[in-house]
Amino acid sequence: MAKEASNGNHNSATKAPPTPSPLRFSKYFQANMRILVTGGAGFIGSHLVDRLMENEKNEVIVADNYFTGSKENLKKWIGHPRFELIRHDVTEPLLVEVDQIYHLACPASPIFYKYNPVKTIKTNVIGTLNMLGLAKRVGARILLTSTSEVYGDPLVHPQDESYWGNVNPIGVRSCYDEGKRVAETLMFDYHRQHGIEIRIARIFNTYGPRMNIDDGRVVSNFIAQAIRNEPLTVQAPGTQTRSFCYVSDMVDGLIRLMEGENTGPINIGNPGEFTMMELAETVKELINPEVEIIEVENTPDDPRQRKPDITKAKELLGWEPKIKLRDGLPLMEEDFRRRLEVPREN
Ligand SMILES: NC(=O)c1ccc[n+]([C@@H]2O[C@H](COP(=O)([O-])OP(=O)(O)OC[C@H]3O[C@@H](n4cnc5c(N)ncnc54)[C@H](O)[C@@H]3O)[C@@H](O)[C@H]2O)c1
Ligand SMILES: O=C(O)[C@H]1O[C@H](OP(=O)(O)OP(=O)(O)OC[C@H]2O[C@@H](n3ccc(=O)[nH]c3=O)[C@H](O)[C@@H]2O)[C@H](O)[C@@H](O)[C@@H]1O
């Protein structure tokens, strides 16, 4: 028992895992690992694909319905012999032969996940069920990108993985946070009942190049507003906190989790905590000192504070974030300026 707890496995499987494809270990096959990335045309997914494609032994298949993602994010890989892009909605079954599944498909920005909440919960529940069914059929290891939103409006601070959360089950965010909670339940039930090799990452707010410009999330909003010389819209009261992780650190954490021996759930995030007013002031200072900061109305059930306890990630994955917010924001600014076609003046 003590050993299981210390290696991060909350519950051990009751069945042996299904046998993986015999080609996984063949030294004559062109690629050792065939990896499916659902949601791979999105923000985090496309950065993950870049990293996976750097390894010549990997073959990568992306399945995405392009709801919030785009082919543009993957254009450098289209036509590559080790890469394949499929227009596919994960709420439908998918038949492919793979060794690993990174399951990211799900709209992540609150404005997108609230746009069609029924579809969001179907994506989380039916989509995850389909990917687990695929993992079971082919003996693949599967990683779910869960979220810090499973902690809801947390009453424990900072949040560690043992906290069960404070989530409204019938609110406007529930399609996403309850959806991810059910997805985690499904992962563990497939693990215990069918022996599937699972990995669960609880991701905390991540930012970086390739976020949708009008994505609605706070970092992309503030950077786009600062570049366009529009007021930075701090949602009331502005004292709510978030902890922001740069995307390259996130991808590194996800790959370590997939390759390691721990099921998770494991928090992956940057513990540097900022109020939204502090974030606005930092963006103003770094990107446009002339810009105005205004307070606007907030949305229901907005979590008041959020900061990951990453002890487990440090101990079990040897992972911790390297990029500080003040260093990451200018990298994102550069990408947004290029896409908005607003060069820096000087
Ligand atoms: N970015 C963050 O701060 C953050 C935080 C916590 C968790 N996550 C999780 O990480 C994952 C990726 O987030 P992101 O920020 O890259 O978001 P994103 O919106 O950029 O990417 C999501 C991708 O999934 C695709 N998708 C959505 N529904 C689909 C469906 N039914 N079938 C197939 N594809 C579908 C979208 O088209 C998009 O390419 C999501 O699962 C999200 O819940 C992200
Ligand atoms: O990391 C997570 O687990 C979750 O974080 C985010 O959800 P949220 O933290 O609400 O992200 P934002 O929409 O970026 O909002 C962050 C804070 O900024 C505030 N905000 C947002 C937008 C804006 O223009 N101004 C502003 O002050 C919001 O009120 C909120 O308090 C993501 O969008 C989810 O996909 C993800 O799962």
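Residues numbered from 1 in each chain as written. Chains lettered and ligands numbered in written order. Predicted model: local features only at pLDDT ≥ 70, side-chain atom pairs only at ≥ 80, totals over all residues. Heavy atoms only, no water.

As annotated in an unreviewed UniProt entry, the protein is UDP-glucuronate decarboxylase from Salix dunnii. Under the Subcellular location (unreviewed entry) heading, UniProt states for the protein: "Cytoplasm". Check the Function (unreviewed entry) section of the UniProt entry for the protein; it says "Catalyzes the NAD-dependent decarboxylation of UDP-glucuronic acid to UDP-xylose. Necessary for the biosynthesis of the core tetrasaccharide in glycosaminoglycan biosynthesis." (UniProt positions renumbered as here; feature names shortened; annotations may be inferred.)

A few words on the overall build of the protein. Within the protein, the secondary structure is distributed over ten helices and 13 strands. The C-alpha atoms of the protein give a radius of gyration of 20 Å, which matches the 20 Å a tight globule of 346 residues would have. Principal axes of the C-alpha set define a box for the protein whose edges measure 60 × 45 × 40 Å. Across the 346 residues in the protein, those meeting the buried criterion constitute 53%. Excluding contacts between residues fewer than 6 apart, the proportion of contacts in the protein whose partners are at least 24 apart in sequence is 82%. Placing the 42 positive and 47 negative side-chain charges of the protein at their respective mean positions leaves the two points 6 Å apart. (Helix = DSSP H or I, 4+ residues; strand = E, 2+ residues; numbered from the N terminus. Rg over C-alpha atoms; globule rule 2.2 N^0.38 Å. Buried < 20%, exposed > 50% of the residue type's maximum accessible area, 1.4 Å probe, protein only. Contact = heavy atoms within 4.5 Å. Lys, Arg positive; Asp, Glu negative; His and termini not counted. Charge placed at Lys NZ, Arg CZ, Asp CG, Glu CD.)

Moving on: the site of ligand 2. In the neighbourhood of ligand 2, 25 residues make up the surrounding shell, with A108, T147, S148, T233 and Q235 lying closest. Between ligand 2 and A108, the relevant distance is 2.3 Å, taken from an oxygen atom to a main-chain nitrogen or oxygen of the residue. Burial of ligand 2 by the surrounding chains reaches 96%, relative to a free accessible area of 710 Å². Elements supplying a minimum of two residues to the shell around ligand 2: α6 (218-228) and β8 (232-235). Here the residues of the shell around ligand 2 sort into nine nonpolar, ten polar and six charged. (Near = heavy atom within 4 Å. Polar contact = N/O pair within 3.5 Å; in protein donor to acceptor, adjacent residues only side chain to side chain. Areas by Shrake-Rupley, 256 points an atom, 1.4 Å probe, with all protein chains shown as cover. Nonpolar A, V, L, I, M, F, W, Y, C, P; charged D, E, K, R; others polar.)

What follows is about the packing of helix α2 (residues 43-53) against helix α7 (residues 247-259). Running from amino to carboxyl end, α2 crosses α7 at an angle of 65°, the nearest separation of the two axes being 9 Å. For the crossing formed where α2 meets α7, the hand is right-handed. Taken together, the residues of α7 that come into contact with α2 (itself represented by F43, I44, H47, L48, R51 and L52) are V247, S248, M250, V251, D252, L254 and I255. Tallied by class, the residues present in the contact of α2 with α7 amount to nine nonpolar, two polar and two charged. (Axes fitted to C-alpha atoms, helices over the stretch in contact; angles between N-to-C directions. Left-handed = near helix turned anticlockwise from the far one by under 90°.)

Before going further, it helps to examine the UniProt feature "domain: NAD(P)-binding" (unreviewed entry) in the protein. Mapped onto this numbering, the UniProt entry gives "domain: NAD(P)-binding" (unreviewed entry) at residues 36-330. End C-alpha atoms of residues 36-330 are separated by 31 Å, and the span's content is 36% helix alongside 18% strand.

One pass over the full model with this rule turns up 24 salt bridges. A salt bridge links D214 to R228, with the shortest nitrogen-to-oxygen separation between them at 3.2 Å. With D214 in the loop between β7 (206-207) and α6 and R228 in helix α6, this residue pair connects regions lying 14 residues apart in the sequence. D214 sits in the exposed class, given a relative accessible area of 52%. For R228, a relative accessible area of 34% translates into the label partly exposed. (Salt bridge = Lys/Arg side-chain N within 4 Å of Asp/Glu carboxyl O.)

As a structural note, the neighbourhood of ligand 1 is formed by 29 residues, with I44, D64, T68, L104 and Y176 the closest of them. Within the side chain of D64, an N or O atom sits 2.5 Å from an oxygen atom of ligand 1. The separation between an oxygen atom of ligand 1 and a polar side-chain atom of T145 is 3.0 Å. Across the complex, the protein chains shield 97% of the 820 Å² of accessible surface that ligand 1 would expose by itself.

It is worth spelling out the packing of helix α8 (residues 276-287) against helix α10 (residues 325-340) at this point. Contact geometry of α8 with α10 gives a least axis separation of 11 Å together with a crossing angle of 60°. Put simply, α8 runs oblique to α10. Classified by chirality, the crossing of α10 by α8 is right-handed. Facing L279, T282, V283, E285, L286 and I287 of α8, the residues of α10 in contact are L325, R326, L329, E333 and R337. Looking at side-chain class alone, the contact of α8 with α10 contains six nonpolar, one polar and four charged residues. (Parallel < 35°, antiparallel > 145°, perpendicular 65-115°, else oblique.)

Across all of its chains, the model carries zero disulfides by this definition. Between C106, a cysteine without a disulfide, and C175, which holds the nearest cysteine sulfur, the sulfur-to-sulfur distance is 8.2 Å. (Disulfide = S-S within 2.5 Å.)

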